[in-house]
Amino acid sequence: MHSVVCIKQVPDSAQIRVHPVTNTIMRQGVPAIINPYDLFALEEALRLKDKFGGTVTVVTMGPPMAEAALRKCLSYGADDAILVSDRAFAGSDTLATSYALATTIQKIMGNMPVDLIFTGKQTIDGDTAQVGPGIAKRLDYQLLTYVSKIVDLDLEKKEITVERRAEGGVQLLKTATPCLITMLEGTNEMRFGDLDDLFRAARYDLKVWNREAAGIDDAEMIGLKGSPTVVSKVFAPRPRSQRAEMVETVDNDPKNLAVTLLAKVFTQHPKLEKEIAKRAG
Amino acid sequence: MAEKFDVIVVGAGMAGNAAAYTLAKGGLKVLQIERGETPGSKNVQGAILYSDAIEKIIPDFRDDAPLERHLIEQRVWVLDDSSYVGTHYRSEDFNKPPYNRYTIIRAHFDQWFNKKAREAGALTICETTVTELLLDGKKVVGVMTDRKGGEIYADAVILADGVNSRLATKAGFHPEIKPKDVALAVKEIHFLPQETIEARFNIGEEEGVVIEMAGTISDGMMGTAFLYTNKESITLGIGCMLSDFKKQKTTPYELLDKMKQHPSIAPLIEGGEMKEYAAHLIPEGGYNAVPQVYGDGWLIAGDAGMFVNGIHREGSNLAMTTGMLAAQTLVELKQAGKAFTAPNLAQYKAKLDDSFVMKDLKKYRRMPDIFHKNKQFFTTYPELISKAAQKLIRVDGVDKKTKEKEIKQSFVASRSVFGLIGDAFRFWRAME
Ligand SMILES: Cc1cc2nc3c(=O)[nH]c(=O)nc-3n(C[C@H](O)[C@H](O)[C@H](O)COP(=O)(O)OP(=O)(O)OC[C@H]3O[C@@H](n4cnc5c(N)ncnc54)[C@H](O)[C@@H]3O)c2cc1C
Ligand SMILES: Cc1cc2nc3c(=O)[nH]c(=O)nc-3n(C[C@H](O)[C@H](O)[C@H](O)COP(=O)(O)OP(=O)(O)OC[C@H]3O[C@@H](n4cnc5c(N)ncnc54)[C@H](O)[C@@H]3O)c2cc1C
């Protein structure tokens, strides 16, 4: 079987600084990491490979430095890595990004059929959660978002069964492959690759595809031209003022304390009490 | 793992990168193993880079190495709780390229240095810890790692694993490092807009200032402190001997907090955003604490071999130089078709003795002991010097001769005539 995993290199948001005067976000010198959500997608693909054999291909669209992120994926056990990189992609929004990635994946399929496409739930920098669904739509594939578990995969019948986290519960879904899965976080844990994978990753001759190599003929569909969304400004929210209040306990009784606390919460959020009462019937 | 290497280098710090680069350039098959996520991710330095050492390895490093500021001014401060007495040396000569010293950020610099080593042909793997050395009798034949398929073999291993080299201790090459031979240093990076830094220190766009400090800020312990200007941040830190921390029961961060509140230091970092906090050991045992640094199939370079000149705050340059010399020894032997046996590797020690590394360490060999035994250098003297300076400067109707007499008396009262002569003599002997 063949899985394609889309990953994005993002600035480590824990280390982003806010300019003290202009309140803009300073990205210089911030280390780049693999979008943490994408690791759950990759690990899930690797687990399927453990079980069924086959190939895991990782793809990213990004600047040349994104090579480091791909090498890391190889060191975890991915078999092949493709960096889609071209100045023409600069300024791409989710519409253009999903177009570029979908076209790239079509090109990959030309060499080896693809059974599953994985993406992360969302990125920690763009945060839109649109790229996965965008790729599925463009390829006309079934889309399984927020997947928490792959229950069954039948390669013969080309069927997959997954658990999907939905509001208020878990859905059990079955669909035909090939399809696209956006993997939910916390569903697995990235493995510690073995020495052979590490060596292979360090020496691997990465594929770098420019626009033409990725099979994108229409330059109007990508980059700034293909991007109707414009991020006009990025700024940090004003820190909320924080207040702490000491609440006295009466007779050291936790129940007493809970009631006092609830009373305080309800005075601040008057609707809440009614709603809880209603739900409790 | 079936693949075998000529040399395995443990660590991708200054010593390890210098060694891997030199080995790869010399045509040897090199594997470098680093436990951090990336080279430099775990490394702590002030950090001042001395051009000379890196120039000998990569002459055109200035073309693309990530350098923060070149240093044009050196301040040396002796502090008591409310003042500093200092000398500032600033010279236009330091503004003429090629520059002599730079501030750097190790996380960036180490990645660049490692990239050079990889481009030269070294293979680097990260997030992999060497857990022990593989021995055949007394000969090192490879390393064991924490990865699946963990054993890797090589004809020689260079231990560039930094201070407190557990691997060498575990293999029985030298005893555990002693608390009196290491300093524990803590440092913080405070981010400030570039313009603010340049205004505060009266410097131009690429220029930098160093402040080296000692005095009562070390709370009576043997130690020093520093403050360096980077492009968009200020690094400051303080370090004292581990044995003193143990005795005094002060915590390093308490010291650093106190330092940051010092009236001479606080305004320099005001308004900054603290973004990084790090603690690290510095091997400061000096010449007498340098262990055996070679044997059958192994060499030690950098902090792992105690190669630090604490008096002059030099460490990275000794690390790079020892890494380079260790590698050169192996390259020469390989070219001559000789095995990496202990008698052959003795050439490494000869190279070390012949370099500034051992010469400088030897010159200051008495220093650590003297400072350990004479804490007045960190307590009494800073206060006396500060009071003396103030007395001379303050205009209060007292005549100068009386002032000088009082200053003299204050010194004698605190240290006695014999004490003063003794201290001067000890200091002179140590510097000789
Ligand atoms: C600071 C900043 C400035 C920006 N400026 C602009 C701008 O000026 N104009 C504009 O149009 N857009 C701009 N963007 C949007 C940017 O182009 C998007 O980040 C991008 O389109 C991907 O969307 P996302 O990050 O929200 O991904 P999501 O949709 O949240 O990602 C979901 C999943 O899709 C996959 N994926 C996402 N991106 C890629 C990729 N590149 N390669 C491989 N897989 C991927 C990953 O698996 C990921 O988990 C900006 C973003 C940032 C953070
Ligand atoms: C606060 C502070 C300020 C300093 N300021 C200066 C200064 O301004 N100028 C200066 O020249 N020197 C300074 N030094 C000293 C300087 O940092 C060191 O001398 C220098 O970093 C030594 O280099 P090294 O390569 O020997 O060790 P390190 O740089 O410590 O590198 C050792 C490497 O080995 C890796 N490693 C360790 N064990 C293993 C293992 N088992 N398996 C795999 N990898 C392993 C580590 O992760 C690390 O990357 C300072 C030190 C400190 C702590």
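Residues numbered from 1 in each chain as written. Chains lettered and ligands numbered in written order. Predicted model: local features only at pLDDT ≥ 70, side-chain atom pairs only at ≥ 80, totals over all residues. Heavy atoms only, no water.

Would you mind showing me how to read the domain arrangement of chain B here?
Interfaces are often sized by the accessible area lost when the parts come together. For chain B, the assigned domains read domain 1 (4–67 + 104–175 + 291–363) and domain 2 (369–431). Placing a centre on the C-alpha atoms of domain 1 of chain B and another on those of domain 2 of chain B gives a separation of 44 Å. (Domains from an automatic or database assignment.)

For this particular structure, what's the right way to read helix H6 (residues 254–268) of chain A?
Residues spaced three or four apart along an α-helix face the same direction, because each turn holds 3.6 residues. An ideal rise of 1.5 Å per residue puts 21 Å on 15 residues; H6 of chain A measures up with 21 Å between its terminal C-alpha atoms. The N-terminus of H6 of chain A is capped by Asp-253 of chain A, whose side-chain oxygen sits 3.1 Å from the backbone nitrogen of Lys-255 of chain A. (Helix = DSSP H or I, 4+ residues; strand = E, 2+ residues; numbered from the N terminus. Expected span 1.5 Å × (residues − 1). Polar contact = N/O pair within 3.5 Å; in protein donor to acceptor, adjacent residues only side chain to side chain.)

Can you help me understand the domain arrangement of chain A in this one?
Taken domain by domain, chain A consists of domain 1 (2–221) and domain 2 (239–281). Computed from C-alpha coordinates alone, the two centres of domain 1 of chain A and domain 2 of chain A are separated by 43 Å.

Before we go on, may I ask you to explain the packing of aromatic side chains in this structure?
In this description, an aromatic ring pair is defined by two values, namely the gap between the centres and the angle between the planes. Residues and elements named next belong to chain B. Considering all chains together, one arrives at 14 aromatic pairs over all chains under this definition. Taken together, a centroid distance of 6.2 Å and an interplanar angle of 90 degrees make the contact between Phe-61 and Tyr-102 edge-to-face. With Phe-61 in the loop between helix H2 (51–57) and strand E4 (69–79) and Tyr-102 in strand E6 (residues 101–103), this residue pair connects regions lying 41 residues apart in the sequence. A residue is classified by how much of its surface remains accessible, and Phe-61, at 0% relative accessible area, is buried. Judged by centre distance (4.8 Å) and plane angle (25 degrees), the ring pair of Phe-226 and Tyr-228 falls under stacked. Judged by relative accessible area, Phe-226 falls into the buried class, the value being 6%. (Phe/Tyr/Trp six-rings, centres within 6.5 Å; stacked < 30°, edge-to-face > 60°. Buried < 20%, exposed > 50% of the residue type's maximum accessible area, 1.4 Å probe, protein only.)

Even after reading the chapter, I still don't get the pairing of strand E8 (residues 116–120) of chain A, so can you show me in this structure?
Regular strands show a simple pattern: their side chains alternate between the two faces of the sheet. Residue and element names in this part refer to chain A. When you tally the buried positions in E8, you get five out of five residues, the bulk of the element. A two-sided burial pattern is seen for E8, the buried positions comprising Leu-116, Phe-118 and Gly-120 on one face and Ile-117 and Thr-119 on the other. Across five bridges, E8 lies against strand E12 (residues 179–183) in parallel orientation. Bridge pairing in E12 links Thr-119 to Thr-182. (Pairing = 2+ DSSP bridges.)

How should I be thinking about the interface of chain A and chain B in this particular structure?
In this assembly, 19 residues from chain A lie in contact with 26 residues from chain B. Surface buried jointly by chain A and chain B totals about 1800 Å² across both partners, of which 61% is contributed by carbon and sulfur atoms. Where chain A touches chain B, the interface holds three salt bridges. Lys-72 of chain A is paired through a salt bridge with Glu-37 of chain B; the nearest N and O atoms lie 3.0 Å apart. (Contact = heavy atoms within 4.5 Å. Buried area = accessible area lost by both parts, 1.4 Å probe. Salt bridge = Lys/Arg side-chain N within 4 Å of Asp/Glu carboxyl O.)

Can you help me understand the environment of Glu-276 of chain B in this one?
Residue and element names in this part refer to chain B. With respect to the secondary-structure elements, Glu-276 resides in strand E15 (residues 273–283). For the pair Glu-276 and Met-358, spaced 82 residues apart in the sequence, the C-alpha separation amounts to 34 Å. Every residue in contact with Glu-276, bar those within four places of it in the chain, is listed here: Lys-187, Glu-188 and Ile-189.

Is there a simple way to explain the packing of helix H9 (residues 316–335) of chain B against helix H10 (residues 342–354) of chain B in this structure?
The description of two helices packed together rests on the angle between their axes and the distance between the axes. Residues and elements named next belong to chain B. The geometry of H9 relative to H10 is characterised by a closest axis approach of 9 Å and an angle of 145 degrees between their N-to-C directions. Crossing geometry of H9 relative to H10 is assigned as right-handed. Counting all contacts with H9, which are made through Thr-322, Leu-325, Ala-326, Gln-328, Thr-329, Leu-330, Glu-332 and Leu-333, the residues of H10 involved are Asn-344, Leu-345, Gln-347, Tyr-348, Lys-351 and Leu-352. Looking at the contact of H9 with H10 residue by residue, the class counts come to seven nonpolar, five polar and two charged. (Axes fitted to C-alpha atoms, helices over the stretch in contact; angles between N-to-C directions. Left-handed = near helix turned anticlockwise from the far one by under 90°. Nonpolar A, V, L, I, M, F, W, Y, C, P; charged D, E, K, R; others polar.)

Can you walk me through the nonpolar core in this structure?
Here is a general trend for soluble globular proteins: nonpolar side chains tend to be buried in one another's company. The biggest cluster of nonpolar side chains holds 80 residues, and the ones touching the most others in it are Leu-23, Leu-49, Phe-109, Ile-158, Phe-307, Leu-330 and Tyr-348 of chain B. It is H9 of chain B that contributes the most residues to this core, 10 residues altogether. Counting 36 residues, the second-largest nonpolar core is a separate cluster that includes Val-5, Leu-48, Ala-78 and Met-190 of chain A. (Core = buried A, V, L, I, M, F, W, Y, C linked by side-chain atoms within 4.5 Å.)

Is there a simple way to explain the site of ligand 2 in this structure?
Residue and element names in this part refer to chain B. The immediate surroundings of ligand 2 are formed by 38 residues, with Ala-15, Glu-34, Arg-106, Asp-303 and Ser-316 found nearest. In the environment of ligand 2, an oxygen atom lies 2.6 Å from a nitrogen or oxygen atom belonging to the side chain of Glu-34. Within the side chain of Asp-303, an N or O atom sits 2.7 Å from an oxygen atom of ligand 2. Elements that contribute at least two residues to the shell around ligand 2 include exactly helix H1 (14–25), strand E3 (48–50), strand E13 (223–229), E15 and H9. Sort the elements by how many residues they give to the shell around ligand 2 and H9 lands first, with three residues. (Near = heavy atom within 4 Å.)

Please clarify how the site of ligand 1 should be interpreted in this entry.
Residue and element names in this part refer to chain A. Neighbouring ligand 1 are 29 residues, the closest being Lys-8, Asp-38, Ser-92, Thr-123 and Thr-128. Between ligand 1 and Gly-91 there is a distance of 3.3 Å, counted from an oxygen atom to a backbone nitrogen or oxygen. Taking Gln-130, its main chain carries an N or O atom lying 2.8 Å from an oxygen atom of ligand 1. Protein burial of ligand 1: of its 950 Å² of free accessible surface, 85% is covered by the chains. Those elements that provide at least two residues to the shell around ligand 1 are strand E6 (55–61), helix H3 (94–111) and E8. Tallied by class, residues from the shell around ligand 1 come to eight nonpolar, 15 polar and six charged. (Areas by Shrake-Rupley, 256 points an atom, 1.4 Å probe, with all protein chains shown as cover.)

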